[in-house]
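Residue-level structural notes
What follows is each chain in one-letter form.
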Amino acid sequence: EDQVTQSPEALRLQEGESSSLNCSYTVSGLRGLFWYRQDPGKGPEFLFTLYSAGEEKEKERLKATLTKKESFLHITAPKPEDSATYLCAVQAWGAQKLVFGQGTRLTINP
Amino acid sequence: GAGVSQTPSNKVTEKGKYVELRCDPISGHTALYWYRQSLGQGPEFLIYFQGTGAADDSGLPNDRFFAVRPEGSVSTLKIQRTERGDSAVYLCASSLAQPGDTQYFGPGTRLTVL
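Reference entry: report on the structure contained in this document. Quantities reported herein were computed from a predicted structural model and do not represent experimental measurements.

Here we come to the overall build of chain A. The helix and strand tally for chain A stands at zero helices and 11 strands. Helices and strands appear in chain A in the N-to-C order β-β-β-β-β-β-β-β-β-β-β. Computed over the C-alpha atoms, the radius of gyration of chain A is 13 Å, within 12% of the 13 Å expected from 2.2 N^0.38 for a compact globule of 110 residues. Across its three principal directions, the C-alpha atoms of chain A cover 45 × 30 × 20 Å. Among the 110 residues that make up chain A, the fraction classed as buried is 47%. Contacts in chain A between residues far apart in sequence, at least 24 positions, make up 55% of those at least 6 positions apart. Surface exposure of chain A reaches about 5400 Å², of which carbon and sulfur atoms provide 47%. Taking the average place of the 13 positive charges on the side chains of chain A and the average place of its 14 negative ones, the gap between the two points comes to 3 Å.

Dropping the structure here:
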């Protein structure tokens, strides 16, 4: 069964304090790994898709990386507006559904 | 352009009642998905439509849950004989047809069963 585990469950940082979020996964065959951001009371907002080990993608202060067992979301010099829950999901070959982790709730204090 | 829309945004019902939740996908997206999200958890897959047909309904928890997409656009998720455990946020997403295409989510419907 495909599984995704995210850590930590919650993370508090000071503005400008860089850190990383972890997403560990087991999947029968990885078609893609997806990162979403979710604000309270809203639906997930797409950030990145990674398809193969070694791939990296960047957007503003965020960079996502992928290995054969895990993905990291690195956040550099975060701002309060980066506060949100970050969700990781995998899609297996032969399936359309996404299997999500439980999310990491990130709080950036000014 | 317009994103995925869902109505109602909130629904409060009593145990045992029937509810319908509606999803309007992004125009041109042939794939449509329903997920359910409980507090503090990630979304959990329910059902996937390709066009008018349900291509994967393996996530529906039991036969009280049913979804339709009769014209290949708007979809309705139907829950019969609601139970308190059905309380959650129901999310709809849509994508283009190819595997690996990005799924774009709507704002969700918060269902509360009293």
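Right, let's get into the pattern of salt bridges. Throughout the structure, instances matching the rule amount to eight salt bridges over all chains. Where A:Arg37 meets A:Asp39, a salt bridge forms, and the shortest distance between an N and an O atom there is 3.1 Å. With a closest N to O distance of 3.6 Å, B:Glu83 and B:Arg64 form a salt bridge. Here B:Arg64 lies in the loop between β6 (53–56) and β7 (65–68) and B:Glu83 lies in the loop between β8 (75–79) and β9 (88–95), a separation of 19 residues in the sequence. On the basis of relative accessible area, B:Arg64 is assigned to the buried category, the value being 6%. One salt-bridge network, in which partners are shared between bridges, spans B:Arg64, B:Glu83 and B:Asp86.

How each quantity is defined
- Residues numbered from 1 in each chain as written.
- Chains lettered and ligands numbered in written order.
- Predicted model: local features only at pLDDT ≥ 70, side-chain atom pairs only at ≥ 80, totals over all residues.
- Heavy atoms only, no water.
- Helix = DSSP H or I, 4+ residues; strand = E, 2+ residues; numbered from the N terminus.
- Rg over C-alpha atoms; globule rule 2.2 N^0.38 Å.
- Buried < 20%, exposed > 50% of the residue type's maximum accessible area, 1.4 Å probe, protein only.
- Contact = heavy atoms within 4.5 Å.
- Areas by Shrake-Rupley, 256 points an atom, 1.4 Å probe, with all protein chains shown as cover.
- Lys, Arg positive; Asp, Glu negative; His and termini not counted.
- Charge placed at Lys NZ, Arg CZ, Asp CG, Glu CD.
- Salt bridge = Lys/Arg side-chain N within 4 Å of Asp/Glu carboxyl O.

Don't take any of this as a statement about function, it's just geometry.
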